[in-house]
Amino acid sequence: DSPFTNAGLGSNLNLLGEIECDASIMDGKSLNFGAVGALSGIKNPVSVANRLLCEGQKGKLSAGRIPPCFLVGEGAYRWAVDHGIPACPPGIMATRFSLAAFKRNKRKLELAEKVETDLIQLKKRRQSNEKENDSGTLDTVGAVVVDQEGNVAAAVSSGGLALKHPGRVGQAALYGCGCWAENTGAHTPYSTAVSTSGIYYFYKYLTKLLFLKPNKKIPNKLFLLPIILPKFCPGSPFLANEDGVLGGVIVLRSCRCSAQPESSQEKPTLLVEFLWSHTTESMCVGYMSAQDGKAKTHISRLPPGAVAGQSVAIEGGVCRLESPES
């Protein structure tokens, strides 16, 4: 509900001055997925995505109908209200910060369209305006979680780009793009949860690296970080023509291991690695356990002299979770 994030309340406004949000959530145990796109009138769009996931787990509807897992626009709004999720008036959704940013960006756009008559120059001007967009609201919100059994889940919620075309659905709502969660299985020796700002740059390289075999004999060593650092920077061919790419990602990976591998009597604990990375100037990270009353927070920043959109910061930590008593 913070007005400083771009995930529901106070989100970026589209060309018509309306808030339309995208959100998705994935359960690593069942691999079920729920998402909404271009959703207006709901204060917390990720709550609708979560309800879609939960309703989908109940099985087929009457007459054998398949329950929806991804709804957009008016259909998503009607479904949410029909399932008891309260509507939120547009006047409450837009804050004075988001309205002020909309007015500034709208004036820039109108000026560009009035002055630039040449189509090529107009295109260049619009691209320049996009880079100079001063909405101040780039904060897509993501979450990853793991329980004592090793079950993981991930979610992401975003208000999308400022001045986007009405009806645009961003990557935050798309399957396998905004978030991913998968428990330990026959082909994956660890559980993995990823939540990103939707930029393919992060998703492609991190998910590829997450399929590397973990070193269970070194439970106190952060395994992913030294592997990601030398391989992360080459960039994605999909973004080869982009001068700067702004985005962020949080990654959680867990596996069973013993603090003393030679000891057969010790009960395995859950080794959890948590990483975050971004190309923006800064990124706020919070983490907590079920026993904590308040999250611990950290502001991650690019190294001194680094250029946002052209540099990357990667940090992380590791911890162990004790297994629940039998």
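Quantities reported herein were computed from a predicted structural model and do not represent experimental measurements. (Residues numbered from 1 in each chain as written. Predicted model: local features only at pLDDT ≥ 70, side-chain atom pairs only at ≥ 80, totals over all residues. Heavy atoms only, no water.)

With respect to the sheet that holds strand β1 (residues 21-27)
Read across the open sheet, the 5 strands follow the order β3-β2-β1-β5-β4; overall the sheet is mixed. Because the sheet does not close on itself, it has two edges, and the strands there are β3 (70-72) and β4 (141-146). Averaged over neighbouring strand pairs, the angle between their axes works out to 5 degrees when direction is ignored. Pairing of β4 with strand β5 (residues 152-158), which is carried by 6 bridges, proceeds in the antiparallel orientation. Its bridge partner lying in β5, Ala-143 is registered against Ala-155. Relative to strand β2 (residues 33-39), helix α1 (residues 45-56) is tilted by about 140 degrees, and along the sheet it contacts β1, β2, β3 and β5. Along the sheet, helix α2 (residues 73-82) contacts β2 and β3; its crossing angle with β3, the most-contacted strand, is approximately 110 degrees. (Pairing = 2+ DSSP bridges. Helix = DSSP H or I, 4+ residues; strand = E, 2+ residues; numbered from the N terminus. Axes fitted to C-alpha atoms, helices over the stretch in contact; angles between N-to-C directions. Contact = heavy atoms within 4.5 Å.)

Description of unusual backbone geometry
Of note in the backbone geometry, Ala-38 takes a positive phi value of approximately 50 degrees without being a glycine. Note that Ala-38 resides in strand β2. Phi angles above zero are rare outside glycine, and Leu-163 is one such case at about 60 degrees. In this structure, Leu-163 sits in the loop between β5 and β6 (179-182). Given a relative accessible area of 17%, Leu-163 falls into the buried group. (Buried < 20%, exposed > 50% of the residue type's maximum accessible area, 1.4 Å probe, protein only.)

Looking at α1
In a regular helix each residue adds 1.5 Å, so 12 residues correspond to 16 Å; α1 covers 17 Å between its end C-alpha atoms and thus fits that length. For α1, the elements touching its buried residues are β1, β2, β3, α2 and β5. (Expected span 1.5 Å × (residues − 1).)

Brief notes about α2
Buried within α2 are the following residues: Ala-76, Trp-79 and Ala-80. Across the axial projection of α2, the buried residues extend over an arc of 100 degrees, all falling on one side. More than 90 degrees from the buried face of α2, the exposed residues found are Arg-78 and Asp-82. If you follow the buried residues of α2, they end up packed against β2, α1 and β3. Directly beyond the C-terminal end of α2, a positive phi value near 85 degrees is found at Gly-84. (Arc of directions from axis to C-beta.)

A look at the nonpolar core
Note on soluble globular proteins: their nonpolar side chains tend to be buried together. Core analysis: the largest hydrophobic core is formed by 21 residues, its most contacted members being Val-144, Ala-193 and Leu-252. Looking at this core, the elements with two or more residues in it are β2, β4, β5, β6, β8 (248-257), β9 (269-278) and β10 (282-287). Ranked by residue count, the leading element in this core is β9, at 4 residues. By size, the runner-up hydrophobic cluster in this structure holds 11 residues, among which are Ala-23, Val-36, Leu-39 and Ile-85. (Core = buried A, V, L, I, M, F, W, Y, C linked by side-chain atoms within 4.5 Å.)

What to know about the environment of Thr-280
With respect to the helices and strands, the residue Thr-280 is situated in the loop between β9 and β10. In sequence terms Thr-280 and Val-307 are 27 residues apart; their C-alpha atoms lie 8.6 Å from each other. Within the structure, the side chain of Thr-280 is placed 2.8 Å from the backbone oxygen of Ser-282, a separation counted as a polar contact. (Polar contact = N/O pair within 3.5 Å; in protein donor to acceptor, adjacent residues only side chain to side chain.)

Things to note about the packing of aromatic side chains
Applying the stated criterion across every chain yields a total of 4 aromatic pairs. On the basis of an interplanar angle of 85 degrees and a centroid distance of 5.1 Å, the ring pair of Phe-33 and Tyr-175 is categorised as edge-to-face. Residue Phe-33 is found in strand β2, and its partner Tyr-175 is found in the loop between β5 and β6; the two are separated by 142 residues along the sequence. The class of Phe-33 is buried, set by a relative accessible area of 9%. Aromatic side chains Phe-274 and Trp-276 sit 5.2 Å apart centroid to centroid with 55 degrees between the ring planes, which places their arrangement in the tilted category. Three or more aromatic residues link up through ring pairs in this structure, and these residues are Phe-33, Tyr-175 and Trp-180. (Phe/Tyr/Trp six-rings, centres within 6.5 Å; stacked < 30°, edge-to-face > 60°.)

Considerations on the confidence of the model for the chain
Any residue range with low pLDDT should be treated as having predicted coordinates unsuitable for detailed reading. The pLDDT averaged across the chain works out to 82; a share of 75% of its residues lies at or above 70. Counted against residues more than four places away or in other chains, residues 228-234, with its pLDDT under 50, gives 16 contacts. (pLDDT = per-residue confidence, 0-100.)

Considering a nonpolar patch on the surface
A grouping of Phe-70, Val-72 and Leu-174 is seen on the molecular surface, where their side chains present a nonpolar patch of about 220 Å² in accessible area. With respect to the element layout, Val-72 can be found in strand β3. (Patch = residues over 30% accessible without salt bridge, like charges linked within 9 Å, V, L, I, M, F, W, Y side chains within 5 Å. Areas by Shrake-Rupley, 256 points an atom, 1.4 Å probe, with all protein chains shown as cover. Salt bridge = Lys/Arg side-chain N within 4 Å of Asp/Glu carboxyl O.)

Thoughts on the sheet that holds strand β12 (residues 313-321)
The antiparallel open sheet is built from 5 strands, whose spatial order is β6-β7-β8-β9-β12. Looking along the sheet, the strands with just one partner apiece sit at the ends: β6 and β12. Here the strands of the sheet are splayed against their neighbours by 10 degrees on average, with no regard to which way each runs.

Quick look at the pairing of strand β7 (residues 191-196)
Of all 6 residues making up β7, 6 are buried, and the element is well covered by its neighbours. Of the two faces of β7, the one carrying Ser-191, Ala-193 and Ser-195 and the one carrying Thr-192, Val-194 and Thr-196 are both buried. Here 4 bridges tie β6 to β7, and the two strands are oriented antiparallel to one another. Among the inter-strand pairings, Trp-180 is bridged to a residue of β7, identified as Val-194.

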